[in-house]
Amino acid sequence: MKGLWCPSDTPTSLRHCQMSPWRSQALRTSQDTYDLLLQRVWGFSNPSNVSYLGTVLDIGDNPPHSLMRGLHRCPFPQEDFAESLLKQQSSHWALSCVGSGVQHFKAGRHVEAMQCLEKALTFDPVNVEALVVRGALYANKNSLLRAMEDFAQALKLNPAHNNARKYMCETLLARGKQLLEEGEDEDAMTSYQKALVINPDLQEAKDAVEHVRAKQEVSTMQHPFSPTCKPMLSYEEAKNSHDRIMINIVCFLMFRANKQN
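Quick notes on the rules
- Residues numbered from 1 in each chain as written.
- Predicted model: local features only at pLDDT ≥ 70, side-chain atom pairs only at ≥ 80, totals over all residues.
- Heavy atoms only, no water.
- Helix = DSSP H or I, 4+ residues; strand = E, 2+ residues; numbered from the N terminus.
- Buried < 20%, exposed > 50% of the residue type's maximum accessible area, 1.4 Å probe, protein only.
- Contact = heavy atoms within 4.5 Å.
- Core = buried A, V, L, I, M, F, W, Y, C linked by side-chain atoms within 4.5 Å.
- Phe/Tyr/Trp six-rings, centres within 6.5 Å; stacked < 30°, edge-to-face > 60°.
- Patch = residues over 30% accessible without salt bridge, like charges linked within 9 Å, V, L, I, M, F, W, Y side chains within 5 Å.
- Areas by Shrake-Rupley, 256 points an atom, 1.4 Å probe, with all protein chains shown as cover.
- Salt bridge = Lys/Arg side-chain N within 4 Å of Asp/Glu carboxyl O.
- Lys, Arg positive; Asp, Glu negative; His and termini not counted.
- Charge placed at Lys NZ, Arg CZ, Asp CG, Glu CD.
- Axes fitted to C-alpha atoms, helices over the stretch in contact; angles between N-to-C directions.
- Parallel < 35°, antiparallel > 145°, perpendicular 65-115°, else oblique.
- Left-handed = near helix turned anticlockwise from the far one by under 90°.
- Nonpolar A, V, L, I, M, F, W, Y, C, P; charged D, E, K, R; others polar.
- Expected span 1.5 Å × (residues − 1).
- Arc of directions from axis to C-beta.

Student: It is not clear to me how the overall build of the protein chain should be interpreted in this structure. Could you clarify?
Tutor: The helix and strand tally for the protein chain stands at 14 helices and zero strands. In sequence order, the protein chain lays out its α and β elements as α-α-α-α-α-α-α-α-α-α-α-α-α-α. Every one of the 261 residues in the protein chain was classed for burial, and the buried ones make up 24%. Long-range contacts, defined as pairs at least 24 residues apart, comprise 37% of the intrachain contacts of the protein chain with a sequence gap of at least 6.

Student: Before we go on, may I ask you to explain the nonpolar core in this structure?
Tutor: Here is a general trend for soluble globular proteins: nonpolar side chains tend to be buried in one another's company. Counting 38 residues, the largest nonpolar core has Met168, Tyr192 and Leu202 as its most contacted members. For this core, the elements supplying multiple residues, two or more each, are helix H7 (82–106), helix H8 (110–123), helix H9 (128–140), helix H10 (144–157), helix H11 (162–181), helix H12 (185–198) and helix H13 (203–222).

Student: Is there a simple way to explain the packing of aromatic side chains in this structure?
Tutor: Aromatic rings in a pair are described by how distant their centres are and how their planes are angled relative to each other. Inspection of every chain in the model, using the stated rule, returns two aromatic pairs. Arranged with centres 5.4 Å apart and planes meeting at 55°, the rings of Trp93 and Phe123 form a pair that is tilted. A residue pair is termed long-range when its members are at least 10 positions apart, and Trp93 in helix H7 and Phe123 in helix H8 qualify at 30 residues. Since its relative accessible area comes to 39%, Trp93 is described here as partly exposed.

Student: Mind showing me how you'd approach a negative patch on the surface here?
Tutor: A surface patch of like charges, here negative, comprises Glu181, Glu182, Glu184, Glu186 and Asp187. Relative to the helices and strands, Asp187 resides in helix H12. Its relative accessible area of 41% is what places Asp187 among the partly exposed residues.

Student: It is not clear to me how the packing of H11 against H12 should be interpreted in this structure. Could you clarify?
Tutor: Angle between the axes and distance between the axes are the two parameters that describe a pair of packed helices. Between H11 and H12, whose axes approach to 8 Å, the crossing angle comes to 165°. With respect to their mutual orientation, H11 and H12 come out roughly antiparallel. Of the two elements, H11 crosses H12, and the hand of that crossing is left-handed. On the side of H11, the interface is formed by Arg165, Met168, Cys169, Leu172, Leu173, Arg175, Gly176, Lys177, Leu179 and Leu180, while H12 contributes Asp185, Asp187, Ala188, Ser191, Tyr192, Lys194, Ala195 and Ile198. A breakdown of the residues in the contact of H11 with H12 according to their chemical character gives ten nonpolar, two polar and six charged.

Student: Just checking my understanding: could you explain the side chain of Asp185 for this structure?
Tutor: Looking at the secondary structure, you find Asp185 in helix H12. The residues touching Asp185, leaving out its near neighbours within four places in the chain, are Leu180, Val212, Lys215 and Gln216.

Student: How should I be thinking about the pattern of salt bridges in this particular structure?
Tutor: Note that side chains of opposite charge can pair when their charged atoms are close. The full count for this structure, using the stated rule, is three salt bridges. Across the pair Arg134 and Asp150 runs a salt bridge, and its minimum N-O distance is 2.8 Å. Residue Arg134 is located in helix H9, and its partner Asp150 is located in helix H10; the two are separated by 16 residues in the primary sequence. A single burial state applies to Arg134 and to Asp150, both of which are buried. Arg213 is the partner of Glu210 in a salt bridge, and the nearest nitrogen-oxygen pair spans 3.5 Å. Note that Glu210 and Arg213 are positioned in helix H13 at a spacing of three residues, about one turn of the helix. According to the relative accessible area criterion, Arg213 is partly exposed, its value standing at 39%.

Student: When you look at H8 in this model, what are you seeing that I'm missing?
Tutor: Turn by turn, an α-helix covers 3.6 residues, leaving residues three or four places apart pointing in a common direction. For H8, spanning 14 residues, the distance from its first C-alpha to its last is 20 Å, which sits close to the expected 20 Å at 1.5 Å a residue. Within H8, the full set of buried residues consists of Ala113, Met114, Cys116, Leu117, Ala120 and Leu121. Take H8 and look down its axis: the buried residues cluster within an arc of 160°, on one side only. Of the exposed residues in H8, the ones pointing more than 90 degrees away from its buried face are Val111, Gln115 and Thr122. Buried positions along H8 lie against H7 and H9.

Now the structure itself:
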C-alpha cells in the first residue's frame, strides 16, 4: 500500500503495541538481559497470545502442534516428544555429574564432590545414583540423618538398588550405636529393626537387637519400679499380690495388739 500514512491509520491492535520514542530509545540503550526486556513488552505479556496465534494459524490444541500437515497423520512414539527427550538428556547430564562427583569423593575433595552431586540432582531430581552417592558423602561426614533421607528416597525410587540397601543398613547401624551412647535405647532398637527389614540376614543388626534387649532386662531387674520399665506382672497377678500383702499387714497388726494386751 502506497501513500501518506499517519499513526491514526494504524489498526488499534497494533497501535497499542507501538512504543514511544523515549521508550524505544531506553530499550536500545538498556544494559538488561534480552529476557528481561522481552518481559517488559506489553504484547509479550498478554496471556492470550498463544491461543490467539493458534487460532489465526489454524493450529489446534491437540498435538502435534505444527503447520506441517503431514505430521498430523504420523503417530510418533511418546519417547520422541520434547518432554521425553529432555528427560533423557537431563538424566545423561546428571550421570556425568555423578561420575565427576565420585572422582572428587575418592580423591578426598568433598566440597567439589558435593557441588557435582547437587548439580546432578538439579538436572534430574530423581536420579538414584546421585542420591546414593550424596547419601554416602553425608554418612562419611557423620550427617547420618541426612544420609538416611537420601538413601530412603533412593530406595523409594528403586527398592532393589544394592548400594542403596547396603549403605542404608550401615547408616542405620551407625545411628543405632549413636543412640545407644546417648541412652536412647528404644530409638536404637527401632533403628536396628529398620535395618533388619531391609536385610533380614544382617547378623550385626541381630546381635545389636539382642544386646539392647539384654540391657533392657538388666535395667528392669535393677529398677523394677522405674517408669521406663515394662511391668513384670499382669493386672490379676498384681492384684493378688497386693491382697496378700494387705492380709499380712492386718495379721501383723492383730498380733501386735494381742501382744500388748
